[in-house]
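Tertiary structure, described
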Amino acid sequence: MIEASTTAVQTRRPELLWVGSGAWVACDPSAGATDPHRVVAYVECKDERVYVLSADGAAGVCEFGSLRDALDHIGQRLAAATL
């Protein structure tokens, strides 16, 4: 039997709360409703691009081609923060 070893990146999907006009805040689903660290990013879809501004102090805005890619990025950051 041949065994294949793969390294899977664990992700946690953030919850999205719509704030209007193509914009959401991404929230950590494991944080309580009153936890000040619940909001992890601001997400905006504009001109066929998705922009993510992290709420954890990471410098700059990340740009993605799709909402799925942006959510994967946020999910990976959430998973890394719990390690």
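Worth saying up front: this structure is predicted, and the values here are computed from it rather than measured. (Residues numbered from 1 in each chain as written. Predicted model: local features only at pLDDT ≥ 70, side-chain atom pairs only at ≥ 80, totals over all residues. Heavy atoms only, no water.)

1. Quick notes on the sheet that holds strand β4 (residues 49-54)
- If you trace the five strands from one edge of the open sheet to the other, you get β1-β2-β3-β4-β5, paired in antiparallel fashion. The two strands at the open ends of the sheet, each matched to only one other strand, are β1 (15-20) and β5 (61-64). Shown here is a sheet whose adjacent strand axes are inclined to one another by a mean of 25 degrees, direction ignored. (Pairing = 2+ DSSP bridges. Helix = DSSP H or I, 4+ residues; strand = E, 2+ residues; numbered from the N terminus. Axes fitted to C-alpha atoms, helices over the stretch in contact; angles between N-to-C directions.)

2. Description of the pairing of β5
- Where β4 lies against β5, four bridges are found, and the strand directions are antiparallel. Bridge assignment links V50 to a residue of β5, and that residue is F64.
- The loop that links β4 with its antiparallel partner β5 comprises six residues; one of these, G57, has a positive phi angle of about 95 degrees.

3. Some points on the side chain of S54
- Secondary-structure assignment places S54 in strand β4.
- Contact partners of S54, with chain neighbours within four places excluded, come to V40, A41 and R77. (Contact = heavy atoms within 4.5 Å.)

4. Here's the deal with the nonpolar core
- Among the nonpolar cores identified, the biggest contains eleven residues, and these are W24, A26, V40, A41, V43, V50, V52, F64, A70, I74 and L78.
- Elements represented by at least two residues in this core include exactly β2 (23-27), β3 (39-46), β4 and α1 (67-81).
- Beyond its immediate stretch of four places on either side in the chain, L78 contacts R12, P14, D28, P29 and V40. (Core = buried A, V, L, I, M, F, W, Y, C linked by side-chain atoms within 4.5 Å. Buried < 20%, exposed > 50% of the residue type's maximum accessible area, 1.4 Å probe, protein only.)

5. Quick look at the environment of L16
- Here L16 shows up in strand β1.
- When the C-alpha positions of L16 and V43 are compared, they lie 8.8 Å apart, and in sequence the two are 27 residues distant.
- Not counting residues up to four positions away in its chain, the partners in contact with L16 are W24, V25, A26, L67 and L71.

6. Overview of the pattern of salt bridges
- Within the structure shown, the criterion is met by four salt bridges.
- R13 is paired through a salt bridge with D72; the nearest N and O atoms lie 2.7 Å apart. On the criterion of sequence distance, the pair formed by R13 in the segment before β1 and D72 in helix α1 is long-range, its members being 59 residues apart.
- Among the residues examined, D72 registers a relative accessible area of 24% and is labelled partly exposed.
- Across the salt bridge formed by R49 and E63, the nearest N and O atoms sit 2.9 Å from each other. (Salt bridge = Lys/Arg side-chain N within 4 Å of Asp/Glu carboxyl O.)

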